[in-house]
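Chain by chain, the residues:
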Amino acid sequence: MSIWSSLRTPRQAPPPAARGAAADAAELALLAGVKRGRRADFDALYRLYHPRLWRFLTQLLRQPDAIEEALNDTLLVVWQRADSFDGRSKLSTWIFGIAYRKGLKALSRQDLPVDDEDVPEAADTAPGPEQQLGQAQLRERLREAMGELSPEHRAVVELCYFHDMAYGEIADVVGCPAETVKTRMFYARRRLRTLLDDLAGHGGELS
């Protein structure tokens, strides 16, 4: 399935996770060690989450210094406040929620707008541009187009399609109702369609 096909039909729940329950349990065991002050367990958790959080925060901030600062602030909270994780959500949801709030705080310091669109959920059946773009080209164009979205809309797309989170999990991360997540996803997909069509039609030769 192409990236564009996935964007046209976002999943309500993630597919069977490659990481699996065993990996989740292993992460919880590491967090238990962090609660006891075990630096080795924190280092292991850091190595697991650093690349995932870097990718996520890149979509929010897009400035390496701000990304690194928000990422380190996030993991500092994990180290200092591990006891605040109450187990009502997945550990990854809790950590990504911290990262999202740190990212928004960094955005506010940059005085960049964080907006939202009140767009109703609607059927989306128009054809995508996969006939014009190959897979590698589509990935490149998708990243370019995502840069034109607001940080909040980039966040829901990133969490859904690149971190395999369901709408309910995304709602927990970004701190809004699931229906708001659906609305943001609709707006993001509609905007991405327009941007990708423009890039495919006016970007010159695609080599």
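Residues numbered from 1 in each chain as written. Predicted model: local features only at pLDDT ≥ 70, side-chain atom pairs only at ≥ 80, totals over all residues. Heavy atoms only, no water.

What to know about unusual backbone geometry
Within the chain, Asp164 stands out as a residue other than glycine whose phi angle is a positive 55°. Checked against the element boundaries, Asp164 lands in the loop between α7 (151-162) and α8 (167-174). (Helix = DSSP H or I, 4+ residues; strand = E, 2+ residues; numbered from the N terminus.)

Observations concerning the layout of surface pockets
In this structure, the second largest pocket encloses a volume near 170 Å³. Around the second largest pocket, the lining residues are Ser84, Phe85, Asp86, Arg88, Ser89, Thr93, Trp94, Gly97, Arg101 and Asp172. Considering every element that reaches the lining of the second largest pocket, the biggest residue donor is helix α5 (residues 91-110), with four residues. Residues belonging to the lining of the second largest pocket are distributed by class as follows: two nonpolar, four polar and four charged. (1 Å grid on protein atoms, 1.4 Å probe; cavity = no way out; pocket = protein on both sides within 12 Å on 5 of 7 lines; lining within 4 Å. Points joined across faces, edges and corners; volume = space filled by probe spheres on them. Nonpolar A, V, L, I, M, F, W, Y, C, P; charged D, E, K, R; others polar.)

A short note on the environment of Val157
Topologically, Val157 is positioned in helix α7. Remark: the alpha-carbon pair of Val157 and Gln59, spanning 98 residues in sequence, is separated by 9.4 Å.

Looking at the packing of helix α3 (residues 39-61) against α5
Pairs of packed helices are described in terms of their axes, by the angle between the two and the distance that separates them. Across the interface, α3 lies against α5 with an axial gap of 10 Å and an inter-helix angle of 40°. One element, α3, and the other, α5, form an angle in the oblique class. Our pair here, α3 against α5, has a crossing hand that is right-handed. Judged by residue contacts, Leu45, Tyr49, Arg52, Leu53, Phe56, Leu57, Leu60 and Leu61 of α3 engage Leu91, Ser92, Ile95, Phe96, Ala99, Tyr100, Gly103, Ala106, Leu107 and Gln110 from α5. Residues belonging to the contact of α3 with α5 are distributed by class as follows: 14 nonpolar, three polar and one charged. (Axes fitted to C-alpha atoms, helices over the stretch in contact; angles between N-to-C directions. Parallel < 35°, antiparallel > 145°, perpendicular 65-115°, else oblique. Left-handed = near helix turned anticlockwise from the far one by under 90°. Contact = heavy atoms within 4.5 Å.)

Topic: the confidence of the model for the chain
In the predicted model, the chain carries a mean pLDDT of 78, and the fraction of residues at 70 or more is 72%. Within the model, the stretch residues 1-18 combines pLDDT values under 50 with 49 contacts to residues more than four positions away or in other chains. Across residues 129-133, confidence stays below pLDDT 50; counting only partners more than four residues off in sequence or on other chains, it has 14 contacts. (pLDDT = per-residue confidence, 0-100.)

With respect to the pattern of salt bridges
Following the criterion strictly, the structure yields eight salt bridges and no others. Here Arg39 and Asp43 are joined by a salt bridge, their closest N and O atoms 3.0 Å apart. Residue Arg39 and its partner Asp43 are located together in helix α3, separated by four residues, close to a single helical turn. Judged by its relative accessible area of 30%, Asp43 is partly exposed. A salt bridge links Arg88 to Asp86; its shortest N-O distance comes to 2.6 Å. Under the relative-accessibility criterion, Arg88 is labelled exposed at 75%. (Salt bridge = Lys/Arg side-chain N within 4 Å of Asp/Glu carboxyl O. Buried < 20%, exposed > 50% of the residue type's maximum accessible area, 1.4 Å probe, protein only.)

Thoughts on the environment of Ile170
On the secondary structure map, Ile170 appears in helix α8. Overall, Ile170 belongs to the buried group, its relative accessible area being 0%. Each C-alpha atom, one on Ile170 and one on Val181, is 7.2 Å from the other, the two residues being eleven residues apart in sequence.

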